[in-house]
Amino acid sequence: MATVTRENIGLLNDKITVKVAKEDYLPSFEKALKNYSKQANIPGFRKGMVPTGMIRKMHGQSVFTDEVLRSVEKQLSDFMVNEKLEIFAQPLPLPENDSRQLDFNNPNEYAFAFEVGLKPDFKVADLASAKLPFHKIIVTDEMVNEELERLQLRNGNMTEPETVTGDDNVLNITFTETDSQGNVLEGGATKENSVLVKYFSESFRPSLIGKKKDDQVNVQLSQAFDAKEREWILGDLGLSKDDPAAADKYFNLLITKVGLVEKAPMDENLFKSVFPGKDITDEAAFRSALKEDIQLQFDAQSRNQLFDAIYHHLIDQTQISFPESFLKRWMQNGGDKPKTEEEAEKEYPSFSSSLKWTLIVDQLVKENNIEVKPEDIREFAKAQLFSYMGNMNMGQLDIEQPWVNDYVERMMKDRKFIDDSFHRIQTDKLFAVAENLVQKDEKPITLEDFQKLQAQHQHHH
């Protein structure tokens, strides 16, 4: 009769020994041999008529080993279920185990030992007592004016004036690399691009006024563009922003088209185009709606920073013990890819931090009855589809169109999408619950100072 014993060998680390007697595995061994003889294809014998004795000689040892180990695994599994053991990963066989001791000619009692890492009992840090900063970015009139101008341009009409008249002209330009004398370099960079006049450096812009289609000008990139705009121009030309020599290259600029966007007038057509669901009839209400919209976008950024603060509060203030030695051995032997002792040691801090967060999430999900339902994943798939389409206004589309539902049904059969979406939605719901539990210490802040805070945070990470 099989026996299973358990002893503690370290912090949250137990050894489980399974002993199996002959009566535990011999019946299944004999049955397996008979099944093998019925299915075996051996020359000189009809299928199903191979003598069991021959099968025993040919395959007895491997079948015996399989059945003993299967019996051990079953006893181990049943024991863990009955004892309600909460363990990390899978039991690790101990080095003392040696399947070479198994001899089908001399069946005996066999013992196999396993090491398990036990999940700890712990209490998640109290979120209700946490007072965390919520940086409320101040929306200025200048921000509203800039957004207003952008929307007027986006909803305006493109015209083709004869000459360049100011900063708002759009120039279609062919960039061709040259030497300092304007001679085209063989194999040099060349690229077509559209550039607003105001993206050129302030000192260079006057030289563009009055230019027409087919006019050319030879420039040095460092003189024509300031650092910020020059960075993306270099990238567009296939040049490295980190190469000091790249900014000093010369290019011929051939103007192939002069454009100008006539701003959309400040009327109800613009109001309805930007806010189709709102009844806005004058500029004051439109500006107010824009300010609210900008504030919502900023609040989303502030909320992300709050969520980061919640994460660190939970990680730093929740005390959890781990079976460290077991987990390091599991990292070496139990994962998808074996690791050396040095690799496991180096990766353990990151691994244990991730494991800690997983345990915290699991407990918070249980405590707050957080569920992710199939309809949540369907809505997430729809939102993702519309984000791919450039965040088209959901109100302007029939989201129940057949092609939308076809996309959703296709994604619902994608196992990776389902898993990724599940974790994303669960995390969003978890932080929404956490946000309502913590005390938010609202602090007004300028956008510039908020961006500095973000930069400092990224630097520390």
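These figures come from a predicted structure and were not determined experimentally.

Student: Requested: an account of the packing of helix H7 (residues 283-317) against helix H9 (residues 341-367), with residues and values cited.
Tutor: In the contact formed by H7 and H9, the axes pass within 10 Å of each other and the chain directions differ by 100°. As far as their axial angle goes, H9 and H7 are roughly perpendicular. Contact residues: H7 offers Tyr311, Leu314 and Ile315, while H9 offers Ser353, Lys356, Trp357, Ile360 and Leu364. Considered class by class, the residues forming the contact of H7 with H9 number six nonpolar, one polar and one charged.

Student: Break down the layout of surface pockets for me, citing the residues and quoting the values.
Tutor: Each pocket or cavity is described by its volume, and for the second largest pocket that value is around 290 Å³. Lining the second largest pocket, in full, are Leu85, Glu86, Leu118, Lys119, Pro120, Asp121, Phe122, Leu359, Asp362, Gln363 and Lys366. Among the elements that take part in the lining of the second largest pocket, H9 stands out by supplying four residues, more than any other. Of the residues assigned to the lining of the second largest pocket, the class counts are five nonpolar, one polar and five charged.

Student: So what's going on with the sheet that holds strand E3 (residues 87-93)? Which residues, and what values?
Tutor: Overall, antiparallel pairing links the four strands, which are arranged E1-E2-E4-E3 in an open sheet. Single-partner strands in this sheet number two, and they are strand E1 (3-10) and E3. Taken pair by pair, the neighbouring strands of this sheet meet at an average axis angle of 25°, ignoring direction. In the sheet, strand E2 (residues 13-20) pairs with strand E4 (residues 110-118) via eight bridges, with the strands oriented antiparallel. Looking across to E4, one finds that Asn13 is bridged to Gly117.

Student: Could you give an account of a nonpolar patch on the surface, with specific residues and numbers?
Tutor: Where nonpolar side chains cluster on the molecular surface, the patch consists of Tyr388, Met389 and Trp403 and spans about 330 Å² of accessible area. Looking at where Met389 falls in the secondary structure, it is placed in the loop between helix H10 (374-388) and helix H11 (402-411).

Student: Go over the confidence of the model for the protein chain, please, and point to the residues and values.
Tutor: When the pLDDT values of the protein chain are averaged, the result is 92; 97% of them are 70 or greater. For the protein chain, per-element mean pLDDT is lowest for helix H13 (residues 447-460), which scores 85, and highest for E2, which scores 98. In the predicted structure, residues 392-397 sits below a pLDDT of 50 and forms six contacts with residues beyond four places in sequence or in another chain.

Student: How would you sum up the packing of H10 against helix H12 (residues 415-437)? Please name residues and give values.
Tutor: Two elements in contact, H10 and H12, have axes separated by 10 Å at closest approach and are oriented at 100°. Judged by the angle between their axes, H10 and H12 are roughly perpendicular. Packed against H10, whose contacting residues are Asp376, Ile377, Phe380, Ala381 and Gln384, the element H12 presents Phe417, Ile418, Ser421, Arg424, Ile425 and Lys429 at the interface. Residues belonging to the contact of H10 with H12 are distributed by class as follows: six nonpolar, two polar and three charged.

Student: Explain the pattern of salt bridges to me, and be specific about the residues and the numbers.
Tutor: If you walk through the whole model with that rule in mind, you get 29 salt bridges. Between Glu149 and Lys263 there is a salt bridge, and its shortest N-O distance comes to 3.4 Å. Remark: Lys263 occurs in the loop between strand E10 (250-262) and helix H6 (268-274) and Glu149 occurs in helix H3 (residues 141-154); sequence separation between them is 114 residues. With a relative accessible area of 39%, Lys263 lands in the partly exposed category.

Student: Residues and numbers for helix H1 (residues 22-39), please.
Tutor: Given a rise of 1.5 Å per residue, 18 residues ought to cover 26 Å, and the 26 Å separating the end C-alpha atoms of H1 matches this to within 8%. Among all positions in H1, only Tyr25, Phe29, Ala32, Leu33 and Ser37 are buried. Buried residues in H1, looked at end-on, bunch into an arc of 135°, giving them a common side. Exposed residues lying more than 90 degrees from the buried face of H1 are Glu23, Pro27, Lys31, Lys34, Lys38 and Gln39. Of the surrounding secondary structure, the elements contacted by the buried residues of H1 are E2, helix H2 (52-83) and E4.

Student: Break down the packing of aromatic side chains for me, citing the residues and quoting the values.
Tutor: Tallying each qualifying case throughout the model produces 17 aromatic pairs. In this structure, Lys328 packs its charged tip against the face of Tyr348, placed 5.1 Å from the ring centre. One Lys or Arg, Lys440, reaches over the ring of Phe134 and ends 5.1 Å from the middle of that ring.

So, how was this worked out
Residues numbered from 1 in each chain as written. Predicted model: local features only at pLDDT ≥ 70, side-chain atom pairs only at ≥ 80, totals over all residues. Heavy atoms only, no water. Axes fitted to C-alpha atoms, helices over the stretch in contact; angles between N-to-C directions. Helix = DSSP H or I, 4+ residues; strand = E, 2+ residues; numbered from the N terminus. Parallel < 35°, antiparallel > 145°, perpendicular 65-115°, else oblique. Contact = heavy atoms within 4.5 Å. Nonpolar A, V, L, I, M, F, W, Y, C, P; charged D, E, K, R; others polar. 1 Å grid on protein atoms, 1.4 Å probe; cavity = no way out; pocket = protein on both sides within 12 Å on 5 of 7 lines; lining within 4 Å. Points joined across faces, edges and corners; volume = space filled by probe spheres on them. Pairing = 2+ DSSP bridges. Patch = residues over 30% accessible without salt bridge, like charges linked within 9 Å, V, L, I, M, F, W, Y side chains within 5 Å. Areas by Shrake-Rupley, 256 points an atom, 1.4 Å probe, with all protein chains shown as cover. Salt bridge = Lys/Arg side-chain N within 4 Å of Asp/Glu carboxyl O. pLDDT = per-residue confidence, 0-100. Buried < 20%, exposed > 50% of the residue type's maximum accessible area, 1.4 Å probe, protein only. Expected span 1.5 Å × (residues − 1). Arc of directions from axis to C-beta. Phe/Tyr/Trp six-rings, centres within 6.5 Å; stacked < 30°, edge-to-face > 60°. Lys NZ or Arg CZ within 6 Å of the ring centre and 35° of its normal.

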